[in-house]
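Observations on the model geometry
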Amino acid sequence: MLEQDIRDRIQKLVHPFCITKGERFRLKDFDPGDTGGMTLDKAQGAELVQLGTKWLAEEQDMLYAQDRWSLLIIFQAMDAAGKDSTIKHVMSGVNPQGCQVFSFKQPSSEELDHDFMWRYVIRLPERGRIGIFNRSYYEEVLVVRVHPEALKREKLPSQLVGEEIWDERLADIARFEDYVSRQGTKILKFFLNVSRKEQKRRFEERLEQPEKNWKFSPSDVMERKFWDDYMEAFEKAIQATASKHAPWFVVPADNKWFTRLVVEAAIVDAVGSLGLSYPKLDAAKQKELVAARTALAHERS
Ligand code: ATP
Ligand code: MG
């Protein structure tokens, strides 16, 4: 369990970026360069994140042992906002057996033959597990909204494709999250909010540094033309789907150390609120343990 004092500090750090009610949410109120007034250097930030991962590793063991709750962590962002490296750092201490990461790319022809949720539903985390979605069903109201040709590929009956389709999808997603959370899945959604300027800088870095060249894709640069459309789509998605049980975190992403810190803190806070503990054994089970101990003690070698 976390001490109250530490929980208070974590909540204070996370609170300004946590959206649980969408109506009044405006993306322009969130600065990608924000560091919450903290002036840590890279190493100090990393040290704090490490404290969090250590704690999380212990809690994950209880999550797994209890086999009741699961955790779904969603990452959405523009390219080069740092999804991959945030996942790497934030989950670095946890037992790989209790954790599943799925990266969603363009849907396959098999996936396009199903409803849009299909491929995500079958990858929801089992009880006791942490599931990470690197991109998610939110792509269905982001990239698909920005590029109408992606919607065409989904082969929906034309009578069902009207002006309202995005509001309908957002409503479906919100209801889906109600359902999933009522089944014992804690949902956390992170939008890594990088600025257009910082994205450019990171693309240039990918072009300049040979060991980063592989990360560069010319199509990523083309997508910059649609920046405003994406921001509008993100804003609408967050407005329509932020809730207490499936909050959005709009995480400043121009400084990687701060991004990781906020994400780590939000996960620690959420897991802390579950009040996890190891399962207590009933009398019959206790008796079994005593018998097993006696049997082992009586073994010859
Ligand atoms: P990275 O570039 O860091 O390796 P990535 O997540 O950007 O990771 P890419 O293979 O570059 O992976 O891109 C995946 C692409 O698939 C993205 O452009 C994304 O918008 C697109 N995509 C994801 N889900 C859907 C979807 N449901 N419909 C259409 N496009 C999608
Ligand atoms: Mg990419």
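Residues numbered from 1 in each chain as written. Chains lettered and ligands numbered in written order. Predicted model: local features only at pLDDT ≥ 70, side-chain atom pairs only at ≥ 80, totals over all residues. Heavy atoms only, no water.

**Some details on the overall build of the protein chain**
Here is the rule we go by: The numbering of helices and of strands both runs from the N terminus, where a helix is a DSSP run of H or I of at least 4 residues and a strand a run of E of at least 2. Each accessible area value is a Shrake-Rupley result obtained with a 1.4 Å probe; residue values ignore everything except the protein chains displayed when judging cover. By the counting rule applied here, Lys and Arg register as positive and Asp and Glu as negative, while His and the ends of each chain are not counted. In this description, the location of a charge corresponds to atom NZ of lysine, CZ of arginine, CG of aspartate or CD of glutamate.
When its secondary structure is counted, the protein chain shows 13 helices and six strands. Looking at the protein chain as shown, the accessible area adds up to about 17,200 Å², and 52% of this sits on carbon and sulfur atoms. Of the side chains in the protein chain, 46 bear a positive and 48 a negative charge, and the two mean positions are spaced by 2 Å.

**Concerning the side chain of arginine 119**
Formally: The buried label applies to any residue whose accessible area, calculated with a 1.4 Å probe on protein chains only, is under 20% of its type's maximum; exposed applies above 50%, and partly exposed to all values in between. Any pair of nitrogen or oxygen atoms within 3.5 Å is treated as a polar contact; in protein, a donor-acceptor pairing is required on top of that, and neighbouring residues in sequence qualify only through side-chain atoms on both sides. The criterion used for residue contact is that any of the two residues' heavy atoms lie within 4.5 Å.
Relative to the assigned elements, arginine 119 resides in helix H5 (residues 118-121). Among the residues examined, arginine 119 registers a relative accessible area of 8% and is labelled buried. One polar contact links the side chain of arginine 119 to the main-chain carbonyl oxygen of lysine 105, over a distance of 2.9 Å. Aside from chain neighbours lying at most four places away, what touches arginine 119 is Phe104, Lys105, Gln106, Pro107 and Glu111.

**Structural notes on the pattern of salt bridges**
Pairing between side chains becomes possible if they bear opposite charge and their charged atoms approach one another. Here is the rule we go by: Each reported salt bridge corresponds to a side-chain nitrogen of Lys or Arg within 4 Å of a carboxyl oxygen of Asp or Glu.
Applying the stated criterion to the full structure yields 19 salt bridges. Taking the shortest distance from any N to any O, the salt bridge between lysine 215 and aspartate 84 comes out at 3.9 Å. Separated by 131 residues along the polypeptide, lysine 215 in the loop between helix H9 (196-208) and helix H10 (218-223) and aspartate 84 in helix H3 (residues 83-90) bring together distant segments of the chain. Exposure remark for lysine 215: the relative accessible area of 29% places this residue in the partly exposed category. Each of the salt bridges in this network shares a partner with another, and the network as a whole consists of Glu198, Arg201, Arg202, Glu205 and Lys212.

**Quick look at helix H1 (residues 4-14)**
Heads up, the condition is: The directions considered for the arc are those from the helix axis to the C-beta atoms.
All buried positions along H1 are accounted for by Arg7, Ile10, Leu13 and Val14. End-on, the buried residues of H1 take up no more than an arc of 125 degrees, which puts them together on one face. Away from the buried face of H1 by more than 90 degrees, exposed residues Gln4, Arg9 and Lys12 are located. For H1, the secondary structure elements touched by its buried residues are strand S1 (18-19), strand S6 (248-252) and helix H12 (256-272).

**Comments concerning the side chain of serine 195**
By secondary structure assignment, the location of serine 195 is in the loop between strand S5 (185-193) and H9. Within the structure, the side chain of serine 195 is placed 3.1 Å from the backbone nitrogen of glutamate 198, a separation counted as a polar contact. Excluding residues within four positions of it along the chain, serine 195 makes contact with Pro32, Trp227 and Asp254.

**Details of the nonpolar core**
Heads up, the condition is: Buried Ala, Val, Leu, Ile, Met, Phe, Trp, Tyr and Cys residues that are joined via side-chain atoms within 4.5 Å together make up what is termed a nonpolar core.
Judged by nonpolar contacts, the single largest core of 81 residues is most densely connected at Met91, Tyr137, Tyr138, Phe190, Leu192 and Ile267. With 11 residues, H12 is the largest single contributor of residues to this core. With residues near it in sequence (within four places) discarded, methionine 91 still touches Leu56, Cys99, Ile130 and Ile132.

**A closer look at the sheet that holds S6**
Note the threshold: If DSSP finds at least two bridges between two strands, the strands pair.
Ordered by their spatial adjacency, six strands build an open sheet running S1-S6-S5-S2-S4-S3, and the pairing between neighbours is mixed. Two strands bound the open sheet, and with one partner strand each, they are S1 and strand S3 (99-103). Two strands pair when backbone bridges link them, and strand S2 (residues 70-77) and strand S4 (residues 130-134) are joined in this way by five bridges, in the parallel orientation. The residue bridging isoleucine 73 from the neighbouring strand is isoleucine 132, located in S4.

**Structural notes on the site of ligand 1**
Definition in use: Only heavy atoms are used to decide nearness, and a residue is near a molecule or strand if one of them lies within 4 Å of it. Three residue categories are used. Nonpolar comprises Ala, Val, Leu, Ile, Met, Phe, Trp, Tyr, Cys and Pro, charged comprises Asp, Glu, Lys and Arg, and polar comprises the others, including Gly.
Ligand 1 sits among 14 residues. The nearest are Asp79, Lys105, Arg135, Glu139 and Glu140. The separation between an oxygen atom of ligand 1 and a polar main-chain atom of glutamine 106 is 3.3 Å. Note that a nitrogen atom of ligand 1 is positioned 3.2 Å from one of the side-chain N or O atoms of arginine 119. Here the residues of the shell around ligand 1 sort into five nonpolar, one polar and eight charged.

**Remarks on a negative patch on the surface**
We count it as follows: The patches reported here contain residues having more than 30% relative accessible area and no salt bridge. Joining distances are 9 Å for like charges and 5 Å for nonpolar side chains (Val, Leu, Ile, Met, Phe, Trp, Tyr).
Residues Glu163, Glu164, Asp167, Glu168 and Asp172 make up a contiguous surface patch of negative charge. Tracing the chain through its elements places aspartate 172 in helix H8 (residues 165-182).

**Some remarks on the environment of glutamate 111**
Tracing the chain through its elements places glutamate 111 in helix H4 (residues 109-112). Residues within four places of glutamate 111 in sequence aside, it is in contact with Gln106, Trp118, Arg119 and Arg123.

**Looking at the packing of H1 against H12**
Stated formally: With axes taken as lines fitted to C-alpha atoms, and helix axes fitted only over the stretch in contact, angles between N-to-C directions fall between 0 and 180 degrees. In this scheme, roughly parallel covers angles under 35 degrees and roughly antiparallel covers those over 145, while 65 to 115 is roughly perpendicular and the rest are oblique. A clockwise turn of the near helix away from the far one marks a right-handed crossing, whereas an anticlockwise turn of less than a right angle marks a left-handed crossing.
For the pair H1 and H12, the least separation of the axes is 9 Å and the interaxial angle reads 130 degrees. Relative to H12, H1 is oriented oblique. The two elements H1 and H12 meet at a crossing, and its hand is left-handed. Touching Arg7, Ile10, Gln11, Leu13 and Val14 of H1 are Phe258, Leu261, Val262, Ala265, Ala266, Val268, Asp269 and Gly272, all from H12. In terms of residue class, the contact of H1 with H12 is built from nine nonpolar, two polar and two charged.

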